[in-house]
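Structural description and commentary
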Amino acid sequence: MLRLDLDASKVRECHELAESIARKVNEELSGRSTVTIERTVARLFGVEGVAPSGVPLANVLVDHLISLGRLEDGLAIHLANACAALGLSPEEVAEKVATKEVDFGSLPWLGVEESRAKARELAGAGLAKIRERRKEREELLEAYPVHGKPWLYVIVATGDICEDIIQARMAAAQGADVIAVIRSTGQSLLDYVPHGATREGYGGTYATQENFRLMRAALDEESKRLGRYVRLVNYCSGLCMPEIAAMGALERVDLMLNDAMYGILFRDINAERTLVDQRFSRMVNAYAGIIINTGEDNYLTTVDAVSAGHSVVASQFINYHFAHLSGLKDEQIGLGHAFQIDPNIEDSFLLEMAGALLVRELFPSCPVKFMPPTVHKTGDIFSAHALDASFNLVSVMTGQSIHLVGMLTEAVHTPLLMDRYLSIRAAAYARTAAKRLRCELSLEKGGIIERRAQEILDRALSLLRDVEGKGLFRALEEGVFAGISRKRDGGKGLEGVFTKGPNYYNPVEEALKEQLGIE
Amino acid sequence: MKPEMNVEMRGENKHLILPYGDHHGDGVVQVSFTLPLPDGPLGDEAARQVMRQMSLADPQVAESVPLGENYTFYVGYGKLARPVDVTKLKVARPLWDKIDPVQVERLVNERLGRPIVVVGAATGSDAHTVGLDAILNYKGFAGDHGLEAYSCFKVVNMGSQVPNEELVARAKEEEADAILVSQVVTQGNVHLTNLTNLVEILEAEGWRDRVVLVAGGPRITHALALELGYDAGFGPMTRPQDVASYLAQEVLRRKSLY
């Protein structure tokens, strides 16, 4: 059996430090909420539509609350009060707010107790829908079990949901277990979620609730035909993390990219905003039985892979504890990684193996997600395909859970039909042909692989000590991760963060915390 | 055929070029594509016809693979019948020499005596910074370090989704010698609108002639960049060294130092 000889006490210390880092951030931010969290409450109360102007009703409600100067109370009690006072559903209330027929400021106030009770009732109905979706998934997984490991994960990204559906079905039939619909470029910076089925996007397809629904229905049909449940991935990242988490939960999306660190570093989203959003969105994901994927696989695209490999691992520890504190179980925490070693370096294959094996062993019950190196690919698609083939083997040999299938045309364009087919075929070959290879091999004690893994762990440990000492916000300012520096008050979206007032109430958060058993 | 005859034959018509498969002049071209047809004789013939329409003689389907949903993938071979006469081609490329990083450093340090200030951004809605980062960031691309690694460049990488107005404001603030614009997303030709808009803003502000304006991206060619009013364009296969060489020479040339 391929195994590293890791020092358990070091691993334990990494966990302790990372938990402390995550706890401190959560404590510091516990008095904050954001506009998108309040919009999530509206969505879970059943507000899904858009105003005649095209603005989502969830935004209409929160903007209305802001205009009354009552954002600090949270949306829940005001919306619940309006529903009770007018005898209307939340969606109907929102429609009337949009047309200015209803003004929260001029409605009779039912009092704190009554409005909270009504809010709890509305939240309960929303959460019940999520439970139903979760149960549905469990039943489908039982009827159409998935046997292959790692799961083969491919993307579709045409911009047109109708084209995406055809390509997704083809990919599933070719052997893909997981289909990710890449989002349109720029969506992460929109402070609202677009509405309806969309047929034009740039570099990807907009994440909308209707698009989720259409794609899930198509994949359900395909799962039935194949006798194998095909999972759907989308992105609850960017400025609308929790809203998209809720929409995904309501439409049975199975995996969600969800990572504040990624947003801070690579999309320049304000750190406070996205860490507050992340906490709440992860509770929703936890409750929905969704597997999250974190974005550490992107770190080494900007810094030197060999010297900065430990930052991937350090960030995974932190991300793992942020996830845990939001109620996610190990089997829902899909930590991402890619070690991006230059293939021209001598023994680069061994270094890649060391990284992959280390991550596998540090998080034994997590569905870790392996991404083959992408940054060294060029327009030479044939050599890229050969490289991918060797990393398919790394993935299988090191027991990865989710395998992001490398595309030969990575450096050229979003995958063409045949690119996806060729890549899936190569990955499926390694998965079948080398199925038990991991059990047949053992590592040379003190050899290159083991030493490299130990070195990464040692350096991750010292980095975590450093970050724990100075706090995550300062570490981000100093550019510890991915070599990118982000100021606490910089980036996009800080204006959407607010301090909860004395009357703040969020029945969704209250119920989630209670049912997930978290503080 | 004896090797020397081969050489001789190449000598006669060396301006007439045919693809080389496994012997001179065979014209062999390898293609692969997908057709929205089910696998079968009709699909095979359609694939051969595709190759004929590409001016490939003797088209052969080496393999047809059904991809599902009635799509089929073809790998084919054919022979290009008519050679390319390279004496009739016009090629647009920047007039500069590729020089190594040490020379770039020496040139700028000795002749300009200060770093060249470069401001770069992926503009408009474009969130793709892979190309921009490969050229600007220390790490570079394919073993070739980016402009940040040179002491003779001061690099401001503004990242993605930067409005043109902000890019111009920053360039003025930094007194930039050069502006690098990256455009990856090209759906609906959004990149052309964006690139043209930047030139217009620079002209309106009276800054167009004060900076070396460079565009880059997978669909950018030098010819296209010139047409859009840029000084140079860099497409696929560009390495940081290409851009460094060009910027050093162009900035110095404008100051009559090169």
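Rules used throughout
What you see as residue numbers is a count from 1 along each chain, following the sequence as written. Chain letters and ligand numbers both follow the written order, the letters beginning at A and the numbers at 1. The predicted origin of the model limits local features to residues at a pLDDT of at least 70 and limits the giving and counting of side-chain atom pairs to 80 or more, whereas totals for whole chains, interfaces and linings rest on all residues. Values reported for side chains reflect all heavy atoms of the structure, with hydrogen atoms and water molecules removed beforehand. A pair of strands counts as paired when DSSP detects no fewer than two bridges linking them. The helix count covers DSSP runs of H or I at least four residues long, the strand count covers runs of E at least two residues long, and both are numbered beginning at the N terminus. Angles here are taken between N-to-C directions and fall from 0 to 180 degrees, while the axes themselves are lines fitted to C-alpha atoms, restricted in helices to the stretch in contact. Only buried residues count toward a nonpolar core. Its members are Ala, Val, Leu, Ile, Met, Phe, Trp, Tyr and Cys residues joined through side-chain atoms within 4.5 Å. Classification of residues uses two cut-offs on accessible area relative to the type maximum, computed with a 1.4 Å probe and protein chains only: under 20% is buried, over 50% is exposed, and between them is partly exposed. All domain edges in this entry derive from an automatic or database-based domain assignment. Here, patches come from residues exposed beyond 30% relative accessible area and free of salt bridges, joined within 9 Å for like charges and within 5 Å for nonpolar side chains (Val, Leu, Ile, Met, Phe, Trp, Tyr). All accessibility values rest on the Shrake-Rupley procedure with a 1.4 Å probe; residue burial counts only the protein chains present in the view. Here a salt bridge means any side-chain nitrogen of Lys or Arg lying within 4 Å of a carboxyl oxygen belonging to Asp or Glu. By definition, residues are in contact when any of their heavy atoms lie within 4.5 Å. Accessible area that two parts lose when put together, evaluated with a 1.4 Å probe and summed over both, is termed the buried area.

Looking now at the sheet that holds strand S3 (residues 56–68) of chain B. Residue and element names in this part refer to chain B. Strand order in this open sheet of three strands is S2-S4-S3, and the pairing throughout is antiparallel. Edge strands, defined here as strands with exactly one partner in the open sheet, are strand S2 (28–35) and S3. Looking at each pair of strands side by side, their axes are set apart by 20 degrees on average, direction ignored. Inspection of the sheet shows S3 paired to strand S4 (residues 71–80) by nine bridges, in the antiparallel sense. Pairing of Ala57 across the sheet is with Lys79, part of S4.

The next point concerns the nonpolar core. Side chains that are nonpolar tend, in soluble globular proteins, to be buried together. Phe104, Leu472 and Phe481 of chain A are the most contacted members of the largest nonpolar core, which has 153 residues in total. Among the elements that take part in this core, helix H12 (residues 305–325) of chain A stands out by supplying eleven residues, more than any other. Residues lining this core come from more than one domain, with at least three contributed by each of domain 1 (32–124) and domain 2 (144–449) of chain A. Counting residues in hydrophobic clusters, the runner-up holds 29 residues, among them Leu147, Leu180, Val243 and Ala244 of chain B.

Moving on to a nonpolar patch on the surface. Nonpolar side chains collect at one region of the surface, where Ile17, Val84, Val86, Leu89 and Val91 of chain B lie side by side and expose about 430 Å² of accessible area between them. Among the structural elements, Val91 of chain B can be located in the loop between strand S5 (84–85) and helix H3 (101–111).

For an interface, size is often stated in terms of accessible area lost upon the parts coming together. Residue and element names in this part refer to chain A. Examined at the domain level, chain A breaks down into domain 1 (32–124) and domain 2 (144–449). The C-alpha-based centres of domain 1 and domain 2 are spaced at 36 Å. On the side of domain 2, 18 residues touch domain 1, which itself brings 16 residues to the contact. Interface area for domain 1 against domain 2, summed over the two sides, is near 1,500 Å², with a carbon-plus-sulfur share of 61%. Connecting domain 1 to domain 2 are five salt bridges.

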